[in-house]
Each structure stands twice: as structure tokens, then as C-alpha cells.
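The primary structure of each chain is shown beneath.
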Amino acid sequence: MPLAANGLPVLIEASSHTEARKLARAISNPGTIEVPSVLAGCSGFTARIPRAVAPALFAKLDAAGVRWELGLPFASPGPEFLPRSYSGEAPAPGQVVGFIDYGCAFAHRQFRVEAPGQPIGSRVFALWDQGGNWKEYVKPAAQSGLGLQPPSWRLPRGFSYGAEVRRYLRLPPVAVPGQPAASAKGKPAEYFIDEYIRQFVHDGVVDEPACYRYSGYPAIDGPIAHGTHVMDVATGRPDPLLHPGCPPEAAPATQDIVFVQLPRHFSGMPVSGLLRTYVLDAVNYIFGCAKPDQPVTINLSYGGYVGPHDGSSILEKALDAAIEARRRSGPTDIVIAAGNGATSSTHVEAAVEGSDAVQFTWSNIPGNPTDQFTEIWLTGADVSQCEVRFTAPGEQPQPGAWVAVGGLGELKRGDDVVARVIAPAAVPQGEQGRMVLVAVNPTVPRGARAAAPYGRWTLEVRNCGTQAVQASAWIERDDPVFPTAAGPRQARFEGPHVASANTLNSLGHGTSTILVGGYVGMSGRQLDYSGRGYLGKGPNAPCSVPARINGARARPDWLAVCEENPALPGIAAAGVFGTERYRLPGTSIASAAATRYVVNQRAANPTATGPVTAPPQRGDVAGEDCMERVPNPFGP
């Protein structure tokens, strides 16, 4: 996917919501710098800034002490930018359940509205593919030769990228070039989700493969889609977690699904830590699809390993502020998976005394097609006295290779740079300590870029000061792109400093979001791979310890089922087509189960705008923990 020609996505944080609105107005320039809107209560917001003006603007932000960080620029199909205004668009009529994920089977039977004597419809109210090209998405149906009308894909209002389609829409009376037209009565002149699906109904059955094939939406062209599986666990009807023979749940009040698909992959690079601007835009979009007093619950299937792990990132603070501000008018929750990193060997930590050093072993695999990113976070009294050195496999450490704060080190093969050590003087990603970034090329050539050597590298942290410093390093998550069959490619740490503690999702340390780990249904025990807080696992995690230390969580908020039993890993739920079911494991499934619990609680108490009632606390499980557990459908 090519780089965007219309601007760099940037996440910006002002000192307050009022200052954020002032700053957004000051930098916004129609046709060049785009600012969608500032969420109520937030001091953080997103913008898309042309490359030509970016250096000067970034210098001004730095001079003003404003934190900002870049996102990954994806292509947009055109220069259109529709000002943020929902006055002409109808909001979702019911409780909104939002998903930030990948792959939405919008015509699936688990998400349909089917009533006797009524045409088939979908509970998917809106779908925004942030990496999509709406001009291309309308072509398959139009070019099919079958007389099909394409879905009415368009740019979402207020955002200059991606492809959006809704269940219905009332456009403003002002004609916008290139956008779907509306009739004089405000009814859609083109086919939206329900009208599009009904073209494929034969004898009361939806031809789902044909429906998806001509929709132009490529994320559901296979048998499994992660987002569809998560949607089913969270809001599918009937509930896939109910045992056969159990009475079905009562028919819910209207639940409308708003699905935002994050960009997935970019030129062989892992993008886990580079999509924060897109996540905040997604939350902004989902909130905009609901009336202010409607309950909104968002399941966020996104995260990474690197970051400050203390709740001080721009996005974590923005999510907290957005939740608290919206709760003044309507129930609001964002549920986040704790992550699957506890056994990934992607984290090391050690105390480094004054005038001492620590050595970590960093290992990469042969044939790895992706860049690898590692962040070393240094906290303590005087972290400015610390230096970092990175040595390639089979080489001797060089005395002049130490990189101090504000410095840059490069490792070369001939004239080609294959790795860099970057120690910025200012760190926008967090508010405590300092961060040093290590970036390593793929271990296979990529275009003109040379391959980095594979094997065991040496990462060292030296404390030149007199007081102890804590060194914590994380390698960014680099899972194979779902649903490809690519093998493992994650770089890992080795040796005595590898830790399962402090392996929670790097976006999971906020104070208002709900962070969910996973347990095994048969036993109720927390899964080994489920992300851990600063306490790690085992009997060292009693209820009496502080919930946070310097912003870092001791544990997830809740646990929910994401493995049925040791013999049946994962949870069976919807594939893309018909009655097909597949098993997927991971804490994203646990967060989906928790999302269903939250949605049901909000439906039962629609006027309660404070934090949702926590599930029953199970109590200590074999001395392991005392976290609240979403009720277990499979065991004790």
C-alpha cells in the first residue's frame, strides 16, 4: 500500500481540552491540514498534516511543549474532506456496540434482523474500512454484468481516508462531488447495507459468498475473519457461548453494530504500534454514530507490546478522557484485551546500579521479512546518565558504540545501515523516564535495503550515574498478518532477565478502560499467555497489593473465558459464511466475552452512566489471583 499523498497522520496532545480545541482551530487549514474534531473532554486529537509543512509545524509544537507522535500514513483515494457534521445523518436507533478490529461479515446470520413478513436486514449500522478505497470498492458489483447495484461506499464525513458504508443515510442537501446522491425526500438513491444484501436473497436464504464477492470489501474473502469471530462472541444471536440445550437468551433491545477496520499491514512492516491515530479516529467515529444519551460499548481488538506501560501515552489518556466525558450524557465503555504476551519472551527487565551495566540477549530469526522494533524504557533518579549499545551476532562490542541521550548509533554492513539505536532527548510516547529505540532491518533483503544478520544480538544498558535505574525493554508485537499462514517471525529475548510480568497490552494501563485477561473455562485458571501486570503470576499476586504503582497495573481488571479446556483450545464462534464455526484463542476473545457482559449490563440499566457493575469476584483460585471473572459458561 503506497504512502498517503495527502498528509501524515499525527496524534497531538495539548494541556487541556480547551487548549486542544484552540490548537486544533489554529492549525486546521481546509484543503491542507485536516483535523476531524476534538472529542469532548479530550486533550488529545488527530490531524493529517502535509509533508511540506510538517517540519515547521512540528518545530512549533516542540517549542510550545506540546506532545505529538506520528502514525503510519496510508493512501487515501482522493483529496475530498467532508467537514464533521452529523446534522444530516441519522444516528443508530439502538444501543451501539462498536468494534475496532479486522473483517466484518455484515450479512452473517448471527447479525441479521429477521422478522416474519419483514425483509432481511443487518444489525451492522456502519462499517468503515480505514485502509479501503471507496472508489475501487464500488467496481466489482458494477462490473459483474449481473445488474447488481454496489454498496454505497463513500468517504466517511469528517475523515479524509478509507471507505464507509451504512445501513441507511441522510445526506445533507448540499451536493458533494463523488458522493452517493440522495433523493428529495432524503431517502438513499443508492444501495446501502440492507438494500445491497437483499439483492442476494433467494428463497429466503442469503447467498453470502456472492454478497461478499461483489461488495468490493476484501477483508472477508476467506473462511475466517477475526472481527467477525469477535463480533459473534460479543453480540451474535444466539450466543455462541451457550451450551447446546440451554434456553436462548431473551431477545435483546435493538443493538446496532458499528465496525471500524484498522489498516492491517504496510510494505512488510509490523504496524501494531503505529496505528494510534487510527484508533482515536475510530472511537471518534463510533461515538458520532450514536445519540449522546445512547449506551455505547466498544471492543478494541488492538494493542502492542512496546510503550511506557504506565497509562501516560497520548492515546491512553485520550481514551480515558473520552469515556469520562461521554459518561456525563450516556453509558460508555471501552473494553481492551490484556494481550497474549506473557509467554512471548518479548520483555526483559533489570535494576542497574550506579556505575554498572546489564546485558540482554536479543534474538532474531533467519528469513524474517519484517522490521523489528525494541523500546528500552529507563526510569529512576537520573536516567540521563544511561547509555545503550547494540552489537550484531558474532561481533565484538566496540567502546565507541555506546549511544547517550540525544544520540544516534548506526550498525552497517558495508555501506548499508542494517540497524539503528535512537535515543531522543524528548520522548512523546510517555511521561516518565526516557526511551531508547532500537530498529533492525528484516533479515532478508527488501528492495534496496540490506538484510540485517540473524542470530543472537547483544543489547546492553550502562548506568554512568550513581543511583540505580530500572531498565525495561519490550520488542514490538510482530504476529503474522491474519489470516495468512505465515510462520513465526517475532524477535525474542533470551536469558535470565526475560519476564512475564509487565506484559499487558501497552494500551491497557488507562484508568477508565476495562482490561480483560483470559482464563480456561474448565478450570477457571488464568492462561499462561494472558498478559500480566507488574506482579506477574502465581501466589505473589494477592488482593492486598496496590492496584497500580506509578501508573502500572498490578493485573487486568477482569478475566473472561477464551479457552474452553486444554483439549479444545479457543472458543468456537462464527466464520465468515453461514453456519461455519471455527476456534480462535487469545485474550481478544476474552475481551469479546466481557463486552457481551457489559452490553447486557447496560441494556438492563440504560440510565446508569457511571462505570459498569463488575462481574462477580470468584475469589482466590489456588492462590493465583482474586480478579473478577465474567461468568464461566464451561465450568466452575
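Structure's up top.
1. A short note on the pattern of salt bridges
Side chains that differ in charge, positive against negative, can pair when their charged atoms come close. The tally for this structure, following the rule as stated, stands at 24 salt bridges. Note that lysine 317 and glutamate 13 form a salt bridge whose closest N and O atoms lie 3.5 Å from each other. Taken as a pair, lysine 317 in helix H9 (residues 314-326) and glutamate 13 in strand S1 (residues 8-13) lie far apart in primary sequence, 304 residues in all. Residue lysine 139 pairs with glutamate 136 through a salt bridge whose shortest N-O separation is 3.0 Å. Taking the relative accessible area as the measure of exposure, glutamate 136 reaches 41% and is therefore partly exposed. Put simply, Glu13, Arg67, Lys317 and Glu431 are held in one network by salt bridges that share partners.

2. Examining helix H2 (residues 54-63)
When H2 is considered as a whole, its buried residues turn out to be Ala54, Leu57, Phe58 and Leu61. The buried residues of H2 all sit within an arc of 100° when viewed along its axis, so they share a single face. Seen from the buried face of H2, the exposed residues on the opposite side, beyond 90 degrees, are Pro55, Lys60 and Ala63. Lining the buried residues of H2 we find S1, helix H1 (17-27), strand S2 (44-49) and strand S3 (67-70). A positive phi of about 75° marks glycine 65, the residue just after H2.

3. Observations regarding the nonpolar core
Formed by 66 residues in total, the largest nonpolar core has its most connected members in Phe106, Tyr212 and Tyr217. Once residues lying within four places of it in the same chain are set aside, the contact partners of tyrosine 212 are Ala105, Phe106, Ala107, His108, Tyr217, Ile220, Val576 and Phe577. Residues Ile100, Val260, Leu319 and Leu515 belong to the second largest nonpolar core, which totals 41 residues.

4. Some remarks on the sheet that holds strand S23 (residues 492-494)
With respect to topology, four strands assemble into an open sheet ordered S17-S21-S15-S23, the strand pairing being antiparallel. Strand pairing shows two members of the sheet lacking a second neighbour, strand S17 (386-391) and S23, which therefore form its edges. Averaged over neighbouring strand pairs, the angle between their axes works out to 30° when direction is ignored.

5. Considerations on the packing of helix H7 (residues 226-235) against helix H10 (residues 587-604)
Relative orientation of the contacting elements H7 and H10 amounts to 35°, with a least axis distance of 7 Å. Our pair here, H7 against H10, has a crossing hand that is right-handed. Facing H7, whose interface residues are His226, His229, Val230, Asp232, Val233, Ala234 and Thr235, H10 presents Ser588, Ile589, Ala592, Ala593, Thr595 and Arg596. Tallied by class, the residues present in the contact of H7 with H10 amount to six nonpolar, five polar and two charged.

6. Remarks on the side chain of serine 530
When you line up the elements, serine 530 lands in the loop between strand S24 (514-520) and strand S25 (548-549). Among the polar contacts made by the side chain of serine 530, one reaches the main-chain amide nitrogen of glycine 518 at a distance of 3.0 Å. With residues near it in sequence (within four places) discarded, serine 530 still touches Gly339, Ala342, Gly517, Gly518 and Thr587.

7. Some remarks on unusual backbone geometry
Residue proline 238 follows arginine 237 across a cis peptide bond; omega there is 5°. Of note, the phi angle at serine 345 is positive, near 55°, even though the residue is not glycine. Assignment of secondary structure puts serine 345 in the loop between strand S13 (332-337) and strand S14 (347-352). Judged by its relative accessible area of 25%, serine 345 is partly exposed. Backbone geometry places asparagine 502, a non-glycine residue, at a positive phi of 60°. With respect to the secondary-structure elements, asparagine 502 resides in the loop between S23 and S24.

8. Section: the state of the cysteines
In this structure the tally under the stated criterion is zero disulfides. We note that cysteine 464 lacks a disulfide partner, and the nearest cysteine sulfur, in cysteine 386, lies 7.4 Å from it. With a relative accessible area of 38%, cysteine 464 lands in the partly exposed category.

9. Regarding the packing of aromatic side chains
Tallied over the full model, the rule gives 17 aromatic pairs. Arranged with centres 6.5 Å apart and planes meeting at 65°, the rings of phenylalanine 159 and tyrosine 285 form a pair that is edge-to-face. Separated by 126 residues along the polypeptide, phenylalanine 159 in the loop between helix H4 (139-142) and strand S8 (163-166) and tyrosine 285 in helix H8 (residues 276-288) bring together distant segments of the chain. Of the two residues examined, phenylalanine 159 and tyrosine 285, each falls in the buried class. Chaining the aromatic ring pairs together yields one cluster made of Phe106, Tyr196, Phe200, Tyr212 and Phe577. Between the NZ or CZ atom of arginine 326 and the centre of the ring of phenylalanine 287, over which it lies, the distance is 5.5 Å.

10. A short note on the environment of serine 15
Turning to its location among the elements, serine 15 is positioned in the loop between S1 and H1. Residues serine 15 and serine 43, 28 residues apart in the sequence, show an inter-C-alpha distance of 6.3 Å.

11. Some details on the sheet that holds strand S30 (residues 628-629)
Pairing is mixed in the open sheet, where nine strands are placed in the order S8-S7-S11-S4-S12-S13-S24-S27-S30. Of all strands in the sheet, those with a lone pairing partner are S8 and S30, marking the two edges. Bridge count for strand S7 (residues 124-129) against S8 is four bridges, and the pairing is antiparallel. Looking at the pairing, leucine 127 lines up with valine 165 of S8. Where H10 meets the sheet, its contacts fall on strand S4 (95-101), strand S11 (255-261), strand S12 (296-300), S13, S24 and strand S27 (558-563), and the angle it forms with S27 comes to roughly 125°.

12. Notes on the side chain of histidine 309
In this fold, histidine 309 is placed in the loop between S12 and H9. Only 2.6 Å separates the side chain of histidine 309 from the backbone oxygen of tyrosine 305, close enough to count as a polar contact. Once you skip the residues sitting within four places of it in the chain, histidine 309 turns out to touch Trp474, Asn502, Leu504, Ser506, His509 and Ala552.

13. As for H10
For H10, built from 18 residues, the straight-helix expectation of 26 Å at 1.5 Å per residue is met to within 8% by its first-to-last C-alpha distance of 26 Å. The element H10 is extensively covered by neighbouring structure, given that 14 of its 18 residues are classed as buried.

14. Quick word on the packing of H8 against H9
It is the contact of H8 with H9, at a shortest axis distance of 10 Å, that shows an interaxial angle of 10°. Considering their axes alone, H8 and H9 lie roughly parallel with respect to each other. Facing H8, whose interface residues are Arg276, Val279, Leu280, Val283 and Phe287, H9 presents Leu315, Ala318, Leu319, Ala322 and Arg326. Here the contact of H8 with H9 is built from residues that sort into eight nonpolar, no polar and two charged.

Rules of the game
- Residues numbered from 1 in each chain as written.
- Predicted model: local features only at pLDDT ≥ 70, side-chain atom pairs only at ≥ 80, totals over all residues.
- Heavy atoms only, no water.
- Salt bridge = Lys/Arg side-chain N within 4 Å of Asp/Glu carboxyl O.
- Helix = DSSP H or I, 4+ residues; strand = E, 2+ residues; numbered from the N terminus.
- Buried < 20%, exposed > 50% of the residue type's maximum accessible area, 1.4 Å probe, protein only.
- Arc of directions from axis to C-beta.
- Contact = heavy atoms within 4.5 Å.
- Core = buried A, V, L, I, M, F, W, Y, C linked by side-chain atoms within 4.5 Å.
- Pairing = 2+ DSSP bridges.
- Axes fitted to C-alpha atoms, helices over the stretch in contact; angles between N-to-C directions.
- Left-handed = near helix turned anticlockwise from the far one by under 90°.
- Nonpolar A, V, L, I, M, F, W, Y, C, P; charged D, E, K, R; others polar.
- Polar contact = N/O pair within 3.5 Å; in protein donor to acceptor, adjacent residues only side chain to side chain.
- Disulfide = S-S within 2.5 Å.
- Phe/Tyr/Trp six-rings, centres within 6.5 Å; stacked < 30°, edge-to-face > 60°.
- Lys NZ or Arg CZ within 6 Å of the ring centre and 35° of its normal.
- Expected span 1.5 Å × (residues − 1).
- Parallel < 35°, antiparallel > 145°, perpendicular 65-115°, else oblique.

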